[in-house]
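Here is how the chains run, residue by residue.
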Amino acid sequence: MVDADEEGMRLDRWFKRRVPDLSLSHLNKIVRTGQVRVDGARVKTATRLAAGQSVRVPPLDLPDQPPVAKPAIIPADAQALREMTLFEDRDLMVLNKPFGLAVQGGSGMTHHLDKMLASLPNERGDRPVLVHRLDRDTSGVLLIAKTRRMAAELGEIFRSRQARKIYWAVVEGVPKPAQGRISLYLAKGEGMEEKRGPNRDKKTADSEARAGLEKMRVAKHGDEDARHSVTYYAIVDKVPSRLAWLSMKPITGRTHQLRAHAEAIGHPIIGDPKYGLKPKDDPRRNDPLRALPEGVERKLHLLARRLILPHPRGGILDVTAPLPPHMQKTFDLFGFDVKQEDPIDHAPE
């Protein structure tokens, strides 16, 4: 039986929670052959469950395994999460994710926010759940649900584009026009996630070539893996010819969307190690007006500034994150005022 806090959970994740020793390949097989049923009907591993539904689980010949130990509660992680908290109620919490902290684990990644959340279990022992993601070097607003059911409700709000996200970035040069819409098809590079080949761990001699494979690329409509992406942007303030403070509103939510869009219009985000690289023959490499001004740290200048969405229990959730230290230093250096009116507020939804 599907519990109330499992409302909206995908079938494969439900099995991962209920039968952690079951391999994904075995699950795919028993689902594909119809041995798993939900309320008597055949399903797919991506089927989302509803509270109260009955899941038929066939006999599983699993090897004897020792009980799976629950993740340890680390007081330092719990304290760090409390210090990041911008807003909290009984259903959710909003964190101010710092620069450099990964949201989820990856190759060689042992410390990340998702792991830290295990140190904040509820009275039933269930841990909070990520609702969306931010890149490791992007700072700012990150939404966390306290139950699986709330995660599913908030996830649907994101999928239906009811969530309004506003980012701040400092970019090289000054875009023209001062306000605009970026509409592109993006596809994953050969070095990204499931696109990686069998030699994905082999070091590439040319670091710039490797970085080029590990980022999103501008594609054409109809290309394999190409997905449409739209961002509205507006200049809030600028240092003529040198750099600009942009407010950006992504309408879609593609991987690295804002970073790829900024590069595509010729104004990469300052401090971006992937999308800020210029080809060896790019004249901007030797343009003194595009050189990184002295005193500006080489860290990604991208902040998830504000998140606005309907709260599942009623009302509007509206949370704003402060500038991370390296961006605050840049703002102070050039006299940018965070209280200045943000023109992106008037951009289309």
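Details of the structure are given in the entry above.
Description of the structure in this document.

The rules behind each value
Residues numbered from 1 in each chain as written. Predicted model: local features only at pLDDT ≥ 70, side-chain atom pairs only at ≥ 80, totals over all residues. Heavy atoms only, no water. Patch = residues over 30% accessible without salt bridge, like charges linked within 9 Å, V, L, I, M, F, W, Y side chains within 5 Å. Areas by Shrake-Rupley, 256 points an atom, 1.4 Å probe, with all protein chains shown as cover. Salt bridge = Lys/Arg side-chain N within 4 Å of Asp/Glu carboxyl O. Lys, Arg positive; Asp, Glu negative; His and termini not counted. Charge placed at Lys NZ, Arg CZ, Asp CG, Glu CD. Helix = DSSP H or I, 4+ residues; strand = E, 2+ residues; numbered from the N terminus. Core = buried A, V, L, I, M, F, W, Y, C linked by side-chain atoms within 4.5 Å. Buried < 20%, exposed > 50% of the residue type's maximum accessible area, 1.4 Å probe, protein only. Contact = heavy atoms within 4.5 Å. Arc of directions from axis to C-beta.

Moving on, we get to a negative patch on the surface. Taken together, the side chains of Glu 190, Asp 223, Glu 224 and Asp 225 define an acidic patch exposed on the protein surface. Examined against the element boundaries, Glu 190 turns out to sit in the loop between strand E9 (179-188) and helix H6 (207-213).

The next point concerns the nonpolar core. Soluble globular proteins: nonpolar side chains tend toward being buried together. Counting residues in each nonpolar core, the largest one holds 37 residues, and the members touching the most others are Leu 143, Leu 154, Leu 309 and Phe 331. Look past the residues within four positions of Leu 309 in its chain and what remains in contact with it is Leu 143, Leu 154, Ile 157, Phe 158, Gln 162, Ala 163, Gly 315, Ile 316 and Leu 317. The next biggest cluster of nonpolar side chains, apart from the first, holds 31 residues, and it includes Leu 101, Ile 144, Val 171 and Val 174.

Here the focus is helix H1 (residues 11-18). Among the residues of H1, those classed as buried are Leu 11, Asp 12, Trp 14 and Phe 15. Viewed along the axis of H1, the buried residues span an arc of 160 degrees, placing them on a single side of the element. Elements in contact with the buried residues of H1: helix H2 (24-32), strand E1 (37-38) and strand E3 (55-56).

There is a patch of like positive charges on the surface, built from Arg 13, Arg 48, Arg 133 and Arg 148. Relative to the helices and strands, Arg 13 resides in helix H1.

In total, this model carries 18 salt bridges according to the counting rule given. Where Arg 18 meets Asp 3, a salt bridge forms, and the shortest distance between an N and an O atom there is 3.5 Å. With Arg 18 in helix H1 and Asp 3 in the segment before H1, this residue pair connects regions lying 15 residues apart in the sequence. According to the relative accessible area criterion, Asp 3 is partly exposed, its value standing at 31%. Two residues, Glu 297 and Lys 299, come together in a salt bridge whose shortest N-O distance is 3.6 Å. On the basis of relative accessible area, Glu 297 is assigned to the partly exposed category, the value being 26%. Among the charged side chains, a salt-bridge network with shared partners connects Arg 164, Arg 306, Asp 318 and Asp 345.

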